[in-house]
Structures are given as structure tokens and as C-alpha cells.
Amino acid sequence: MDRTEGFGVYIDRTLKKVQHTFLQVFADNDIDLTIEQWVILQRVHLEGKEASQADIAKSNFRNRATTSRVISGLCKKGLLKKSRFRDDQKRYKLEMTEEGQLLMKKVMPLIKDLRRVSTIDISDDEFETFYKVLDQLYQNFDEYEGYKKPVK
């Protein structure tokens, strides 16, 4: 077996375990959020008053339609409100409601604990290497131009 065989399975397995654990913690704490909703809610929280729907879509590597659908769901739940920027009527501004802010206060200790647990027995150097490898894998696939038959 060469060193690349099956690495996608390991990445997929790990991602599924992370998502399952997050969703289980949400359910155990009566938090009605999907992973997608959490990611967007957190991005809006981090971006603050300058959060725009387009920027959130770019920062989460999701297309605009998917992002719009998730944001609509968060608005229906009363966690976000959507309006236009005063100086740019083409862009949607996203703001957390009071209910959204309260939910963030409830969720953040859980998230911090999950992040803490995720790095047990992993040194800072190992974690930095992990990020570098993931970034390089991403870049390699981003630059992939299709299969090229070997020249004989």
C-alpha cells in the first residue's frame, strides 16, 4: 500500500466523528442547531457589525445558495436578522438577535471544551504540522488539472 492509499477515508472518518460529537453535545444540552448553522452563527458572531452574507459564504467555503438557506433557517429560529447595509443596498447585513447572543453564551463553553478535548496528547508543533498538511492537501487538489496519462 502506498502512503496515500486511504487517507481520504481517515479524513472522512475523523470529520464524521467530530460532527457526530458536536451534534451529540448540542442535543445533550438542548441546543437546536445543525453543524452548518453553528458555523454560520459563529462567523456572524466573530464578524460583528460588519457581517455580510457574501463574506460569510466565502469564509465558510459554501456556495451562496446553501449559505442563504442556512441563514434563512437561523432567521426563522430568531437567532439572526437580515437587513441591507445602509451604504450598500446590494449586500445583506447579518446581525445576531438577543436570542442568538444568549445562545452563543450557552454554546461557547461547550465548544471550548470540545476544542480542548480534541487536542489532548497533541503538541502545538504536531497541531501546526497537521494544519500545514491539510493546507497542502487542499492546495494540491485546488491546482489539480485532471488525470494526465503517463508518457511511455
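For the structure itself, consult the block above.
This write-up is about the structure you can find in this document. Since this is a predicted model, take the numbers as computed values, not measurements. (Residues numbered from 1 in each chain as written. Predicted model: local features only at pLDDT ≥ 70, side-chain atom pairs only at ≥ 80, totals over all residues. Heavy atoms only, no water.)

Scanning the protein chain from terminus to terminus reveals 6 helices and 2 strands. On C-alpha atoms alone, the protein chain measures out to a radius of gyration of 19 Å, which is more than a quarter above the 15 Å that the 2.2 N^0.38 rule sets for 152 residues. Across its three principal axes, the protein chain shows a C-alpha extent of roughly 60 × 40 × 25 Å. The long-range fraction of contacts in the protein chain, counting pairs at least 24 apart against all pairs at least 6 apart in sequence, stands at 51%. Roughly 11800 Å² of accessible area belongs to the protein chain as shown, and the carbon and sulfur atoms make up 53% of that amount. Within the protein chain, one finds 28 positive and 25 negative side-chain charges whose respective centroids are separated by 6 Å. (Helix = DSSP H or I, 4+ residues; strand = E, 2+ residues; numbered from the N terminus. Rg over C-alpha atoms; globule rule 2.2 N^0.38 Å. Contact = heavy atoms within 4.5 Å. Areas by Shrake-Rupley, 256 points an atom, 1.4 Å probe, with all protein chains shown as cover. Lys, Arg positive; Asp, Glu negative; His and termini not counted. Charge placed at Lys NZ, Arg CZ, Asp CG, Glu CD.)

This part covers helix α5 (residues 98-118). Since one α-helical turn is 3.6 residues long, residues separated by three or four positions face the same way. Taking 1.5 Å as the rise per residue, α5 with 21 residues should run 30 Å; its terminal C-alpha atoms sit 30 Å apart, in good agreement. Taken as a whole, α5 carries its principal kink of about 35 degrees at Val107; the proline Pro109 stands between one and four residues after it. For α5, the complete set of buried residues consists of Gly100, Leu103, Met104, Val107, Met108, Ile111 and Leu114. (Expected span 1.5 Å × (residues − 1). Bend = angle between axes of the 7 residues up to and from the residue. Buried < 20%, exposed > 50% of the residue type's maximum accessible area, 1.4 Å probe, protein only.)

Let's shift gears to helix α2 (residues 35-47). Under the 1.5 Å per step criterion, the end-to-end length of α2 is 18 Å for 13 residues, consistent within 8% with the ideal 18 Å. Check the buried side of α2 and you find it contacts α1 (7-28), α3 (53-59), α4 (64-76), β1 (80-85), β2 (88-96) and α5. Note on α2: the residue one or two positions beyond its end, Gly48, has a positive phi of about 70 degrees.

Grouped together as the largest cluster of nonpolar side chains are 25 residues, with contacts concentrated most on Phe26, Leu33, Trp38, Leu41 and Val44. Those elements that provide at least two residues to this core are α1, α2, α4, β2 and α5. Here this core takes 6 residues from α5, the largest share from any one element. (Core = buried A, V, L, I, M, F, W, Y, C linked by side-chain atoms within 4.5 Å.)

This paragraph deals with the pairing of β1. With 6 bridges joining them, β1 and β2 adopt antiparallel strand pairing. Each residue of the ladder has a partner; that of Ser83, found in β2, is Lys93. (Pairing = 2+ DSSP bridges.)

Sizing a probe to match a water molecule and rolling it over the atoms shows the empty space that remains. The final tally for this structure, using the stated rule, is 1 cavity of 30 Å³ or more. Taken together, the residues of the lining of the largest cavity sort by class into 2 nonpolar, 1 polar and 2 charged. (1 Å grid on protein atoms, 1.4 Å probe; cavity = no way out; pocket = protein on both sides within 12 Å on 5 of 7 lines; lining within 4 Å. Points joined across faces, edges and corners; volume = space filled by probe spheres on them. Nonpolar A, V, L, I, M, F, W, Y, C, P; charged D, E, K, R; others polar.)

A surface patch of nonpolar side chains, amounting to about 360 Å² of accessible area, comprises Ile11, Phe130, Tyr131 and Leu134. When you line up the elements, Phe130 lands in helix α6 (residues 124-142). On the basis of relative accessible area, Phe130 is assigned to the partly exposed category, the value being 42%. (Patch = residues over 30% accessible without salt bridge, like charges linked within 9 Å, V, L, I, M, F, W, Y side chains within 5 Å. Salt bridge = Lys/Arg side-chain N within 4 Å of Asp/Glu carboxyl O.)

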